[in-house]
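Descriptive structure summary
These are the residues of each chain, in order.
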Amino acid sequence: MNTTPNQPIAAPAPESPAARLRPDLRAIAELVDPATRVLDIGCGDGALLEHLRDRKQVRGRGIELTEAGVLACVRRGLSVRQGNVQEGLADYPDLSFDSVILSQTLPFLDDPAMVLGEMLRVGRTAIVSFSNWGHWRCRLELLFTGRIPVAVDLPQQWYESPRRQPFSVTDFARFCRQVDIEIDRQVYMNRGVRIRTGRFKNLLSTTAVFTLHRRSR
Amino acid sequence: MTTDSIGDVTAQSFIFAEDEPFCLESGETLRPVTLAYETYGTLNADRSNAILICHALSGSAHAAGYLGGDPDKVGWWEDCIGPGKAFDTDRFFVICSNVVGSCYGSTGPASLDPATGKPYGLNFPVVTVGDMVRAQVNLIDHLGIDKLLCVAGGSMGGMQVLEWAAHHPQRTHAAIPIATTAHHSPMLIAFSEVGRQAIYADPAWNHGAYYDKAQKPDAGLAVARMVGHITYLSEESMQMKFGRRLQGLEKYGYEFETEFEIESYLRYNGRKFTERFDANSYLYVTKAMDYFDLTQPTGSLAAAFVGSLNVKFLVISFTSDWLYPSYHSKQLVSALTAANVDVTYLDVRSSWGHDAFLLEVETMTNLLGSFLDRLVREEQVAAPAGYAPRALPAPIIGAQPNRTRLADSLA
């Protein structure tokens, strides 16, 4: 999670260029309906929430673990609370938000099933983005080198902190079916560029962005 | 860090309840009530740029500038209040009010009881944080301010902030409770009680009737303050500041003179405190803190804030503060979140203990400045006439807090 360098305290620019957003955040921003209530878990420096506020009149809240991230968010004039995902989500009443966002964080969670359940308790919908270890490069890397692959969009070695758990688009879809979570809208990207995948979503995408809702509701 | 000061300031006072008595939570009444206060900056045309600063246990209304032009009488939050500082007096009208029960110009146990013409002493009614804040509401009315932009304060000042937000939510847009708690814990009551027992045990205290005596309960008050000072530090800050160093000695003297630097520090601050504070006020103000519990009467902290949906919160705690530990602030943040209140929270990394709220100027300036910018934008607050924005200097990375201020901390 990057933070902006120190800068004078000033009102944010009226139009922060969307081009500066990370590609998966840009895709997420397009999936958020205007003038809704949004919670961004692990909101980092608040770039997405700021964009949603300025461009889509979204009423956003953030949860962020790092002091630098929280300070950057406050500098952008956002409402953010420091905490980890587990302790942060439990406090919110049911259906407090229209959307709850979790971007590029799923592989790092201790209990992803619990967090996804909580996201769909406090939010009507959830939006997640994650790196896909099912991409053909990962498959070939394991086959030909015998090394556990590094995700294309998450270049982090197995020994680096924080620990992460690799999984693929197919793993995620399977999990959702098992726990009655419906995947609604799907965006697939390859190195930051949106792609049409046809039947080969898992093979061709390096990052997936899904909106989710709970089927039983 | 900017070194600009608001400069010379004057003490002001406001007298109310001259006809109708001021009713206290205890059921007792006071008449009349004087509140000492100071103001810095200019109120804008629509009276929307007012900020109320609440002080801690032994603080006063003198939060910024030089009182009466005396360069030795610097305000207790000078680092954060002034031109271009976190509470920018070029943009905001900053008010700091003393509390009822204090000895800094407001009605308290040292004031003359109009019924007897003598100091109240223990005849002064017990006041609560709620009473302190209702007195401040009278002051804000008197100043013609319908709604404050925010109320801010640390420690007991933070309790007043929470009281404002919970019980007068229509009177402020935002609340900034710092290094505080929504309910005084048994441990905090225990420390208060040790301080009070030290005062009771001083024969010169004389059940509070010492104002006409030559001998004041200075020894008791000094011990109370020494206990207080221990709780405002952290083991780490004591280690850094004093270690096990000896004061002016090469080796142990095997006697009971002051030997360690930490002993010397505590004795000095205890003694110095008796020159500026009243022992009975110490009893009353600590008692007010002990009664503070926003979970009452329902038992739920979230219930205290159901009416505060339109108040925006900035909650700040410090990692090494063991007097008002971070988990107190986290409980508050959880309750506010459950009550659907807009809350921003940061647990600032610091090794300065409870005193950090006066010392972590760098981070505080960033946080408060940005949060106030947001309030100005969202509440469309106009700057006072003649305001020209200035660029804040780039933060000094790794800047050390001003250590000399430790001794003067008003936690």
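Once a new chain begins, its residue numbering starts again from 1 and follows that chain's sequence as written. The order in which chains are written sets their letters, starting at A; the order in which ligands are written sets their numbers, starting at 1. Since the coordinates come from a predicted model, pLDDT governs what is reported: local features require at least 70, and pairs of side-chain atoms require 80 or more to be given and counted, while whole-chain, interface and lining totals use all residues.

Our focus in this paragraph is the overall build of chain B. Here a helix means four or more residues in a row that DSSP labels H or I, a strand means two or more in a row labelled E, and each is numbered from the N terminus. Per the secondary structure count, chain B includes 11 helices and 14 strands. Its C-alpha atoms put chain B at 65 × 55 × 45 Å along the principal axes. Partly exposed residues are those falling between the two cut-offs: more than 12 but fewer than 20 other C-beta atoms within 10 Å of their own, whereas 20 or more means buried and 12 or fewer means exposed, with C-beta atoms placed from the backbone. Scored against the burial criterion, the 411 residues of chain B give a buried share of 52%. Within chain B, residue pairs in contact and separated by at least 24 positions form 73% of the contacts whose partners lie at least 6 positions apart. Each residue is represented by a C-beta atom placed from its backbone, and any two residues with such atoms within 7 Å are regarded as in contact.

Each helix and strand in chain A was counted, giving 8 helices and 8 strands. Put simply, the radius of gyration uses C-alpha atoms, and a globule should come to 2.2 Å times the residue count raised to 0.38. The C-alpha radius of gyration of chain A comes to 17 Å, within 12% of the 17 Å expected for a compact globule of 217 residues. Projected onto the principal axes, the alpha-carbon positions of chain A cover approximately 50 × 40 × 30 Å. Going through the 217 residues of chain A one by one, you find that 43% of them count as buried. Within chain A, residue pairs in contact and separated by at least 24 positions form 64% of the contacts whose partners lie at least 6 positions apart.

In this section: the environment of Asp46 of chain B. With respect to the helices and strands, Asp46 of chain B occurs in the loop between strand 5 (33–40) and strand 6 (50–54). Asp46 of chain B sits in the exposed class, given 10 other C-beta atoms within 10 Å.

Interfaces are often sized by the accessible area lost when the parts come together. Chain A puts 18 residues into the contact, and the matching count from chain B is 25 residues. For the side of chain A that touches chain B, the elements supplying multiple residues, two or more each, are helix 3 (67–75) and strand 3 (80–82) of chain A. The residue makeup of the side of chain A that touches chain B, split by class, is 9 nonpolar, 5 polar and 4 charged. Gly counts as polar in this scheme, as do all residues outside two lists: the nonpolar Ala, Val, Leu, Ile, Met, Phe, Trp, Tyr, Cys and Pro, and the charged Asp, Glu, Lys and Arg.

The next subject is the nonpolar core. As a rule of thumb, nonpolar side chains are buried together in soluble globular proteins. Residues and elements named next belong to chain B. The term nonpolar core refers to a group of buried residues, namely Ala, Val, Leu, Ile, Met, Phe, Trp, Tyr and Cys, whose C-beta atoms join them within 7 Å. By size, the foremost hydrophobic cluster in this structure holds 168 residues, and its most contacted members are Ile51, Ile53, Val94, Cys150 and Ala175. Domain extents, as shown, originate in an automatic or database domain assignment. Split by domain, this core shows at least three residues from each of two domains, domain 1 (8–183 + 294–379) and domain 2 (200–285). Those residues in contact with Ala175 that lie beyond four places of it in its chain are Cys150, Val151, Val161, Leu162, Trp164, Ala165, Val311 and Phe313.

With that out of the way, let us pick up the confidence of the model for chain A. A low pLDDT score tells you not to read the predicted coordinates there in detail. Averaged over every residue, the pLDDT of chain A is 90; the share at 70 or more is 91%. Known as pLDDT, the predictor's confidence for each residue is given on a scale from 0 to 100. Low pLDDT, under 50, characterises residues 1–16 of chain A; the predicted model gives this stretch 32 contacts beyond four residues in sequence or across chains.

Let us look at the domain arrangement of chain B. Residues and elements named next belong to chain B. Per the domain assignment, the segments making up chain B are domain 1 (8–183 + 294–379) and domain 2 (200–285). Between the C-alpha centres of domain 1 and domain 2 the distance comes to 27 Å. In this complex, domain 1 contributes 23 residues to the contact, which on the side of domain 2 involves 16 residues. Per-class residue counts for the side of domain 1 that touches domain 2 are 13 nonpolar, 9 polar and 1 charged.

Turning to the environment of Trp164 of chain B, a few remarks are in order. Residues and elements named next belong to chain B. Structurally, the position occupied by Trp164 is in helix 2 (residues 156–167). Note on Trp164: 27 C-beta atoms within 10 Å, which makes it buried. Note: C-alpha distance between Trp164 and Pro389 (225 residues apart in sequence) is 30 Å. Contacts of Trp164, omitting those with residues within four sequence positions, involve Val133, Val151, Arg171, Thr172 and Ala175.

We now examine unusual backbone geometry. All names here are of chain B. Pro32 follows Arg31 through a cis peptide bond whose omega is -10°. Along the chain, the position of Pro32 falls in the loop between strand 4 (29–30) and strand 5. Following Gln296, the chain continues into Pro297 via a peptide bond in cis, with omega recorded as 5°. Relative to the helices and strands, Pro297 is located in the loop between helix 7 (279–291) and helix 8 (301–304). A positive phi angle is found at Gln380, which is not glycine, with a value near 50°.

All names here are of chain B. Inspection of the secondary structure assignment puts Ser264 in helix 6 (residues 261–274). You can call Ser264 partly exposed: it has 16 C-beta atoms within 10 Å. In the structure, Ser264 is positioned 41 residues away from Phe305 in sequence and 44 Å away in space, judged by C-alpha atoms. Excluding anything up to four places from it in sequence, Ser264 contacts Gln247 and Thr258.

Moving on to the confidence of the model for chain B. All names here are of chain B. Scored by pLDDT, chain B comes out at a mean of 93, with 94% of its residues at no less than 70. Contacts of residues 395–411 to residues separated by more than four positions or lying in other chains number 29 contacts, the stretch itself having pLDDT below 50. For this predicted complex, the interface score ipTM comes out at 0.89, while the overall pTM is 0.92.

With that out of the way, let us pick up helix 5 (residues 112–122) of chain A. When helix 5 of chain A is considered as a whole, its buried residues turn out to be Pro112, Val115, Leu116, Glu118, Met119, Leu120 and Val122 of chain A. Check the buried side of helix 5 of chain A and you find it contacts strand 1 (37–41), helix 4 (85–90), strand 4 (97–103), strand 5 (123–131), strand 6 (181–190) and strand 8 (207–214) of chain A.

Working note: regular strand, side chains alternate between the two faces of the sheet. Residue and element names in this part refer to chain B. When you tally the buried positions in strand 11 (residues 150–154), you get 5 out of 5 residues, the bulk of the element. A two-sided burial pattern is seen for strand 11, the buried positions comprising Cys150, Ala152 and Gly154 on one face and Val151 and Gly153 on the other. Inspection of the sheet shows strand 6 paired to strand 11 by 4 bridges, in the parallel sense. Bridging across to strand 11, Cys54 finds its partner in Gly153. The pairing of strand 11 with strand 12 (residues 174–178) spans 4 bridges and is parallel. Counted as the bridge partner of Gly153 is Pro177 from strand 12. Assignment of crossover handedness uses the view with strands pointing away from the viewer, where a clockwise path from the first strand over the helix to the second indicates a right-handed crossover. Handedness of the crossover joining strand 11 and strand 12 through helix 2: right-handed. Strands qualify as paired when DSSP identifies two bridges or more between them.

What follows deals with the packing of helix 1 (residues 129–142) of chain B against helix 2 of chain B. Residue and element names in this part refer to chain B. Taken N-terminus to C-terminus, the directions of helix 1 and helix 2 make an angle of 70°; their axes are 9 Å apart at the nearest point. Looking at the two axes, helix 1 sits roughly perpendicular to helix 2. Here helix 1 contributes Val129, Gly130, Met132 and Val133 to the contact with helix 2, which in turn contributes Met159, Gln160, Glu163, Trp164 and His167. Its residues assigned to classes, the contact of helix 1 with helix 2 shows 5 nonpolar, 3 polar and 1 charged. Angles here are taken between N-to-C directions and fall from 0 to 180 degrees, while the axes themselves are lines fitted to C-alpha atoms, restricted in helices to the stretch in contact. Roughly parallel means an angle under 35 degrees; roughly antiparallel, over 145; roughly perpendicular, 65 to 115; everything else is oblique.

Next up on the list: the pairing of strand 6 of chain B. All names here are of chain B. With 5 of 5 residues buried, strand 6 is to be regarded as a mostly interior element. Residues Ala50, Leu52 and Cys54 point to one face of strand 6 and Ile51 and Ile53 to the other, with burial holding for every one of them. Looking at chain direction, strand 6 and strand 10 (residues 93–97) are connected through 5 bridges and run parallel. Bridge pairing in strand 10 places Cys54 opposite Ser97.

Residue and element names in this part refer to chain A. For helix 2 (residues 47–56), the buried fraction is high: 7 of the 10 residues fall into the buried class. Along helix 2, the residues that are buried comprise Ala47, Leu48, Leu49, Glu50, His51, Leu52 and Arg53. Those residues of helix 2 hidden inside the fold are in contact with helix 1 (23–31), strand 1 and strand 2 (59–64). Backbone geometry just downstream of helix 2 places Gln57 in the positive-phi region, at approximately 55°.

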